[in-house]
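Here is what each chain is made of, one letter per residue.
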Amino acid sequence: MTAATATTEAAPTAERYLTINNIEVIYDHVILVLKGVSLDVPKGKIVALLGANGAGKTTTLKAISNLLRAERGDVTKGSVEFKGNRVDQLSPNELVKRGVIQVMEGRHCFAHLTLEENLLTGAYTRSISRAGLKEALEKVYHYFPRLKTRRGTQAGYTSGGEQQMCAIGRALMAKPEMILLDEPSMGLAPQIVEEIFGIVKDLNQKENVSFLLAEQNTLMALRYADFGYILENGRVVMEGDAENLRTNEDVKEFYLGLSSSGRKSFKDVKHYRRRKRWLS
Amino acid sequence: MRFFLEVLISGLLSGVMYSLVALGFVLIYKASGVFNFAQGAMVYLAALAVVGCMEKGAPLWLAVLLAFGIMTLFGIATEKFVLRKLVNQPPIALFMATIGLAFFIEGLAPMVFGSDPRALDIGIVDEPIEAILNGWGMVISKFDLAAAAIAAVLVTTLALFFQYTRIGRALRAVADDHQAALSIGIPLQHIWAIVWGVAGFVALVAGMLWGARNGVQFALTFTALKALPVLIIGGFTSVPGAIVGGLIIGASEKLAEIYLPALMQSAFGGNFGGIEGWFPYVLALGFLLVRPEGLFGEKHIDRV
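So, a few notes on the structure that sits alongside this text. In every chain, residue numbers begin from 1 and rise along the written sequence. Each chain is given a letter, starting from A, and each ligand a number, starting from 1, according to the order in which they appear as written. Residue-level local features of this predicted model are given only where pLDDT is at least 70; pairs of side-chain atoms are given and counted only at 80 or more, and the full residue set underlies all totals for whole chains, interfaces and linings. In computing side-chain properties, one takes all heavy atoms of the structure into account and sets aside hydrogens as well as water.

1. Observations concerning the packing of helix α3 (residues 60-83) of chain B against helix α4 (residues 91-113) of chain B
Think of two packed helices as two axes; the pair is described by the angle between the axes and how far apart they sit. All names here are of chain B. For the record, the criterion: Where helices are involved, their axes are fitted lines through C-alpha atoms of the stretch in contact, as for all axes, and angles between N-to-C directions lie from 0 to 180°. Comment: elements are numbered from the N terminus, with helices defined as DSSP H or I runs of at least four residues and strands as E runs of at least two. Roughly parallel covers angles under 35 degrees, roughly antiparallel covers those over 145, roughly perpendicular covers 65 to 115, and oblique covers all other angles. By the definition used in this description, the sense in which the near helix is turned from the far one sets the handedness, with an anticlockwise turn below a right angle giving left-handed and a clockwise turn giving right-handed. In what follows, residue pairs with any heavy atoms lying within 4.5 Å of each other are defined as contacts. Classification used: nonpolar for Ala, Val, Leu, Ile, Met, Phe, Trp, Tyr, Cys and Pro, charged for Asp, Glu, Lys and Arg, polar for all others including Gly.
Between α3 and α4, the shortest axis-to-axis distance is 12 Å and the interhelical angle comes to 140°. Overall, the two elements α3 and α4 adopt an arrangement that is oblique. Crossing handedness for the pair α3 and α4: right-handed. Along the contact surface, α3 presents Ile 70, Phe 74, Thr 78, Val 82 and Leu 83, while α4 presents Leu 94, Ala 97, Leu 101, Ile 105 and Phe 113. Each residue belonging to the contact of α3 with α4 can be placed in one class, and the counts come to nine nonpolar, one polar and no charged.

Have a look at this one:
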């Protein structure tokens, strides 16, 4: 329908990995949230999904992980493919088994379970031995040493940063190939955010986990990501290499708060944004 | 003193019976955050199923097996037709659903298995243990002791199951956060089916013991009401709490029944009886004021 949805330019890779084709999401049968979003996550890359509040980042992630149905949301059009297979009708359980797992916005640790128990629940879908479980735990503790020192504490009593680490670690326990990471910086101190992004990059490079990363912290996300998509009002309005996006004038102006041409009046900005969406 | 001990022990033993019913509540509350109003009805259904099958000529073991099958099927059906539709709805909606479920069972069970009160013989006699009667002159019922032993085994198993197994952890995880559990691939349907199955099993044990003691009749559904103070005192989320709560209620109501009337009579004059009936609720009210999460309940964790 729109120019943005028609183009499904593959990211610079030969192999298709996670591909989202023109999906439309409707909540409660009436609220149209995604109006045709297409994106690609190549294997072994970090792809950032950027945009303001309500742009549809979380909905996109949930559409992929199939957590929408529990919220009365429905993917009404389009398809989601992982490694060449349609996955949009799978239950979250089956999807996790295939290697795609979501770390939800707001961390959602199990408050009354200890950090270690939280991690152990992450291995629910895997049938592994006690020794294998222990090994997986140690691996997580290797990346998040802070979790190890607090392993016996109930997650509800740990700090926001520790909870975020716990949530990512818990997902790692499922031995995922692809993590859908929603807003890891939410409510955290810049230093902790930096630490967490560093670990994400580490996991990406050493464990070869691909990431689709929804973030409002555009600058931070673009520093660590390889590729970026910008969502606005349920549509992709811009995409490109992280490097290019970071230096793009529009991105600078709208998302990084940097402008070369001085201040614009709010009226101009709105008009410009609206026009931009249709043109891109 | 001997009399006091006798009252205390029989109180404790009957408290275990309350614990059994409370346990069913705890299981479902732990795993889904739902207060299952239908637990009392499930106790009734289970007892009726056993008696019903025995009337059709099945021996006790077969009747128990069949009843267990019925309870499991019932649990799975509840998950499929009631709970699955209500994922992510506020707890009050789920609570209302269980009220509906309770009325449904209370209507359906007597239709299938007959509504007249019947006796249930499970092979344990309700008579004093001779050794204790002769040695110490106390009346301790064999039945009560056996029931307590059964409950103890059941509770220990469940507590270990919750704490140390993969499924047990998943159950606690689901109780904490449905969505997060879903997101890491825990299939809520399976978990809930398991929980309702286990709760059905607990209801079966409770139903058989209560049925054998008081007869299988509609009044069994009211045992659930006695479980309420037990839960408040022990905590809604704790398996050991259900036991300790049950013991406290059982012992205190019997002691109150025996010793309070005399005290109250000397203080206020007049006749006092039936204290057993209301004492647990007053005790629970007191607990709510002092320690609302109960003795062993999970504290609500608030981040500030």
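2. Here's the deal with the sheet that holds strand β8 (residues 210-215) of chain A
Residue and element names in this part refer to chain A. Rule in force here: DSSP bridges decide pairing: two strands pair if at least two such bridges lie between them.
On the basis of which strands lie adjacent, the open sheet formed by six strands has the order β6-β7-β8-β3-β9-β10 and mixed pairing. The open sheet is flanked by β6 (100-103) and β10 (235-241), the only strands paired with a single partner. Ignoring strand direction, the axes of neighbouring strands in this sheet form an average angle of 15°. Note: strand β7 (residues 178-182) against β8, five bridges, orientation parallel. Bridge pairing links Leu 181 to Leu 213 in β8. In this fold helix α7 (residues 160-172) packs onto β6 and β7, with an angle of close to 170° to the strand it touches most, β6. Running over the sheet, helix α8 (residues 190-206) touches β3 (46-50), β7 and β8 and is turned about 155° from β8.

3. Notes on the packing of aromatic side chains
In plain terms, the rule: Here a pair means two rings of Phe, Tyr or Trp (six-membered ring of Trp) with centres within 6.5 Å. Their orientation is stacked below 30 degrees between planes, edge-to-face above 60, and tilted elsewhere. Exposure categories follow from relative accessible area, calculated using a 1.4 Å probe and restricted to protein chains: below 20% of the type maximum is buried, above 50% is exposed, and the middle band is partly exposed. Two conditions define a charge located above a ring, namely a distance within 6 Å from the ring centre to NZ of Lys or CZ of Arg, and an angle within 35 degrees of the ring normal.
Taken as a whole and judged by the stated rule, the model has 14 aromatic pairs over all chains. Between Phe35(B) and Phe95(B) the ring centres are 6.0 Å apart and the planes differ by 50°, which places this aromatic pair in the tilted class. Taken together, the positions of Phe35(B) in the loop between α1 (2-32) and α2 (39-55) and Phe95(B) in helix α4 put the pair 60 residues apart, joining distant regions of the chain. Given a relative accessible area of 17%, Phe35(B) falls into the buried group. Directly above the aromatic system of Phe110(A) lies the positively charged group of Arg170(A), at a separation of 4.6 Å from the ring centroid. Between the NZ or CZ atom of Arg166(B) and the centre of the ring of Tyr124(A), over which it lies, the distance is 4.3 Å.

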